[in-house]
Amino acid sequence: MDTSDADRTLAELGAKPSPSEEHGLSLVRDEDRLIFSPGISTAGFAEIRMARQRLDRKVIATTIDEKGLAFAREIITSLGLQHQVETKSEDLRGEWKYPANYFDFIYARLVLHYLPVQDLEVVLKNFAKSLKPGGRIFVVVRSVKNVNPNDPHVRFDPHTKLTTYPHYDTNGGLISTNVRYFHTPESIKTHLETAGLNVGDIQEYQEQLYRDFMRKDMSPHTDHVIELVATKP
Ligand SMILES: C[S@@+](CC[C@H](N)C(=O)[O-])C[C@H]1O[C@@H](n2cnc3c(N)ncnc32)[C@H](O)[C@@H]1O
């Protein structure tokens, strides 16, 4: 996709680009016909752009967020792309239904850090099985650098490797807590290698994520993220 196509899609949807999303989309090769996108992007922005690159490309996008799914489906359908972008309510932790050697590319941006280590290991083995030989997976996960170990509301569970972490309001009041597996470059690399994948260069950088669904309200904070591409031998 040339820049004007990308800009057109984003402008049409009223969305702003994110650096790691741009990296992931730039890695999709012309010959990648079948793409799996677990944890569909906001309103399906990334999947819509993948589909628009080639009319004979199919993208299977899943999520456990029913509201997000309905919203993405509406936009995908309004653009006439529902036959190219198949959207499904599907939990990565459930039964794996995809055949071996099936996908050309897996776009796993900001989704794997939701999984405890036990599920992550099973999910990555399933991904490795269903990638074609030479197929690639793009991964972005949040880094341990986002966590303040001195915060009294931070709790790490060594069994699941999940961290419970707080969100505060501007007065320092606790609003809510969330749970993620925050990674190091070594942890995510080791999990992918254990699943049988070859890991390429790893990048770590800060990305400003969005707070709202339509990606118009940028978070005041930056997030440390880890990005890599792994290939099935
Ligand atoms: C940060 S959001 C969007 C990530 C998206 N890939 C992107 O690049 O914008 C994470 C998504 O992962 C989904 N998700 C979280 N846990 C999941 C699971 N166990 N199975 C499937 N999807 C999951 C969430 O519902 C949400 O749609």
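Computed from a predicted structure; not experimentally measured.

**Structural notes on the nonpolar core**
The biggest cluster of nonpolar side chains holds 50 residues, and the ones touching the most others in it are I35, I106, A108, F127, I137 and V139. Residues contacting A108, with those up to four places away along its chain left out, are P38, I137, F138 and V139.

**A word on the packing of helix 5 (residues 117-130) against helix 6 (residues 185-194)**
Where helix 5 contacts helix 6, the two axes come as close as 8 Å, and the packing angle between them is 50°. The pairing of helix 5 with helix 6 is recorded here as oblique in orientation. Taken as a pair, helix 5 and helix 6 cross one another with a handedness that is right-handed. Of the residues in helix 6, those in contact with L120, E121 and L124 of helix 5 are H191, L192 and T194. For the contact of helix 5 with helix 6, the per-class residue count stands at three nonpolar, two polar and one charged.

**Things to note about the packing of helix 2 (residues 19-27) against helix 3 (residues 45-53)**
In the contact formed by helix 2 and helix 3, the axes pass within 11 Å of each other and the chain directions differ by 25°. Taken together, the axes of helix 2 and helix 3 are roughly parallel relative to one another. In this structure, helix 2 meets helix 3 at a crossing whose hand is right-handed. Contact with helix 2, carried on its side by E21, G24 and L25, involves A46, R49 and M50 of helix 3 and no other residues of that element. Of the residues that constitute the contact of helix 2 with helix 3, the class distribution is three nonpolar, one polar and two charged.

About the thresholds
Residues numbered from 1 in each chain as written. Predicted model: local features only at pLDDT ≥ 70, side-chain atom pairs only at ≥ 80, totals over all residues. Core = buried A, V, L, I, M, F, W, Y, C linked by C-beta atoms within 7 Å. Buried ≥ 20, exposed ≤ 12 C-beta atoms within 10 Å, placed from the backbone. Contact = placed C-beta atoms within 7 Å. Axes fitted to C-alpha atoms, helices over the stretch in contact; angles between N-to-C directions. Helix = DSSP H or I, 4+ residues; strand = E, 2+ residues; numbered from the N terminus. Parallel < 35°, antiparallel > 145°, perpendicular 65-115°, else oblique. Left-handed = near helix turned anticlockwise from the far one by under 90°. Nonpolar A, V, L, I, M, F, W, Y, C, P; charged D, E, K, R; others polar.

Shape descriptors only; they carry no functional weight alone.
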